[in-house]
Amino acid sequence: MTEVKKFILDNRLGKVFEDKTFRDYTTIKVGGRIRLVYMPNSIDNFLRFYEYFRTREFPLFIIGFGSNVLASDRDFPGVVVSFRDLDVLYFRIGNRVKAYPGCPVVRLAYDLARAGYGVGEFLAGIPATVGGAVYMNAGANGGEIKDILVRARLLGSAGVKTYENAELDFSYRKSRLQSEGLICLEADFEFEPEAEPGSALKRIAELKKNRRKTQPIEKLCAGCTFHNPPGMYAWQLIDRIGFRGYQVNKAQVSPKHANFLINNGGATSDDMMKLIGLIKEKVKERFNVDLECEWVLVNF
Ligand SMILES: Cc1cc2nc3c(=O)[nH]c(=O)nc-3n(C[C@H](O)[C@H](O)[C@H](O)COP(=O)(O)OP(=O)(O)OC[C@H]3O[C@@H](n4cnc5c(N)ncnc54)[C@H](O)[C@@H]3O)c2cc1C
């Protein structure tokens, strides 16, 4: 790994850190040490790194804001790449945006709303980067990434290729990026003129107010823990097994929203996984439903 670090620094490809943990890079603040964190300063430099790195045997993990990630307590023996230090976040011409993977989607929602464009208001409450949001097909309040994404430039085993929206197999919190392990390098979005002046910003304010009321956003968490099974809400099933507020050490089912598991300070991924296991078991027993975890589990 010293060699990898040297390659990045000698070629000025960005920043590297050796003393970090997944607690530093995830919103739930759980997880073990990371061997090397690489923050590229441009997409071209990331591609130079990738060309060099892909033949090595170390694992690679891309992290956004880590707002949907639970990492194990074990040390991660490879490189975690964060695009949050790229020189450019996005470009905009009118309602068209070309965004880079480290760009916060909240920023897009606000900037576009201020410029008089709508349909992206749902993004304002999602603590995601563009890369993580495209990968997860993030969505809220009736909107999803798939509704505003035109195309994306992705890196896969065959190299860099541009995919149109229809080629990305989007469905509820799923995308082709997940099934094929593709890395998002760039995403083109199209917004629409807002219905009346100021309506996009007004809707953002309403959605955010409602979110603060219904979700434990002030706590350490990683968004909804389980997918909603077809025609049901995961939070209702968890509520009905009596698990609202239930705790395993410092891991707890949020008393505010039963599909959010929170870290009350010092929870381990082991605590989290025990709580997840118990919920799945009880929900299966009582409703014969298999809850599927929405979180991305890393290094288990
Ligand atoms: C308080 C709170 C509220 C939330 N509300 C919502 C909500 O309303 N709707 C919703 O959909 N989600 C919600 N989430 C979950 C989370 O914000 C989303 O899943 C989001 O898309 C994750 O984005 P991220 O950039 O943090 O990605 P991460 O969590 O860092 O990563 C998620 C996955 O994306 C991959 N990834 C990241 N960047 C790239 C890239 N450039 N190329 C390829 N893969 C990449 C990672 O490897 C990982 O597999 C919430 C989370 C929190 C903490």
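Conventions used here
- Residues numbered from 1 in each chain as written.
- Predicted model: local features only at pLDDT ≥ 70, side-chain atom pairs only at ≥ 80, totals over all residues.
- Heavy atoms only, no water.
- Phe/Tyr/Trp six-rings, centres within 6.5 Å; stacked < 30°, edge-to-face > 60°.
- Buried < 20%, exposed > 50% of the residue type's maximum accessible area, 1.4 Å probe, protein only.
- Lys NZ or Arg CZ within 6 Å of the ring centre and 35° of its normal.
- Near = heavy atom within 4 Å.
- Polar contact = N/O pair within 3.5 Å; in protein donor to acceptor, adjacent residues only side chain to side chain.
- Areas by Shrake-Rupley, 256 points an atom, 1.4 Å probe, with all protein chains shown as cover.
- Helix = DSSP H or I, 4+ residues; strand = E, 2+ residues; numbered from the N terminus.
- Nonpolar A, V, L, I, M, F, W, Y, C, P; charged D, E, K, R; others polar.
- Domains from an automatic or database assignment.
- Buried area = accessible area lost by both parts, 1.4 Å probe.
- Salt bridge = Lys/Arg side-chain N within 4 Å of Asp/Glu carboxyl O.

(A) The packing of aromatic side chains, seen in detail. The full count for this structure, using the stated rule, is 11 aromatic pairs. Plain terms: the ring middles of Phe53 and Phe58 are 6.4 Å apart, the flat faces sit at 20° to each other, and that makes the pair stacked. Given the relative accessible area of 28%, Phe58 is considered partly exposed. An aromatic cluster of at least three residues, connected via ring pairs, comprises Tyr38, Phe46, Phe49, Tyr50, Phe53, Phe58 and Phe83. A cation over a ring is seen here: Lys20 above Phe17, with NZ or CZ 5.3 Å from the ring centre. For Arg56, the ring lying beneath its charged end belongs to Tyr52, and the centroid distance is 4.0 Å.

(B) Up close: the site of the ligand. Residues in close proximity to the ligand total 35 residues, the closest being Ile62, Gly64, Ser67, Thr129 and Gly139. A distance of 2.6 Å separates an oxygen atom of the ligand from a polar side-chain atom of Thr129. A distance of 2.9 Å is found between an oxygen atom of the ligand and a side-chain nitrogen or oxygen belonging to Arg211. Expressed as a share of its isolated accessible area of 980 Å², the protein-covered part of the ligand is 95%. Looking at the shell around the ligand, the elements that each hand over two or more residues are strand E4 (60-63), helix H5 (130-136), strand E10 (139-140), strand E14 (183-190) and strand E16 (220-224). The leading source of residues in the shell around the ligand is H5, at five residues. For the shell around the ligand, the residue count by class is 22 nonpolar, 11 polar and two charged.

(C) Quick look at the domain arrangement of the chain. Assigned domains of the chain: these are domain 1 (2-82), domain 2 (90-199) and domain 3 (217-298). The straight-line distance from the C-alpha centre of domain 1 to that of domain 3 is 28 Å. When the two sides are added together, the surface that domain 1 and domain 3 hide from each other amounts to roughly 1,300 Å², 60% of it contributed by carbon and sulfur. Among the residues of domain 1 in contact with domain 3, Ile28, Asn68 and Leu70 are the three that bury the most area, contributing 52% of the side total. Where domain 1 meets domain 3, there are zero salt bridges. Counting across the domain 1 and domain 3 interface gives 11 residue pairs in polar contact (both at pLDDT 80 or more). Broken down by element, the side of domain 1 that touches domain 3 gets its largest block of residues, three residues, from strand E5 (residues 69-71). Residues of the side of domain 1 that touches domain 3, tallied by class, amount to seven nonpolar, four polar and two charged.

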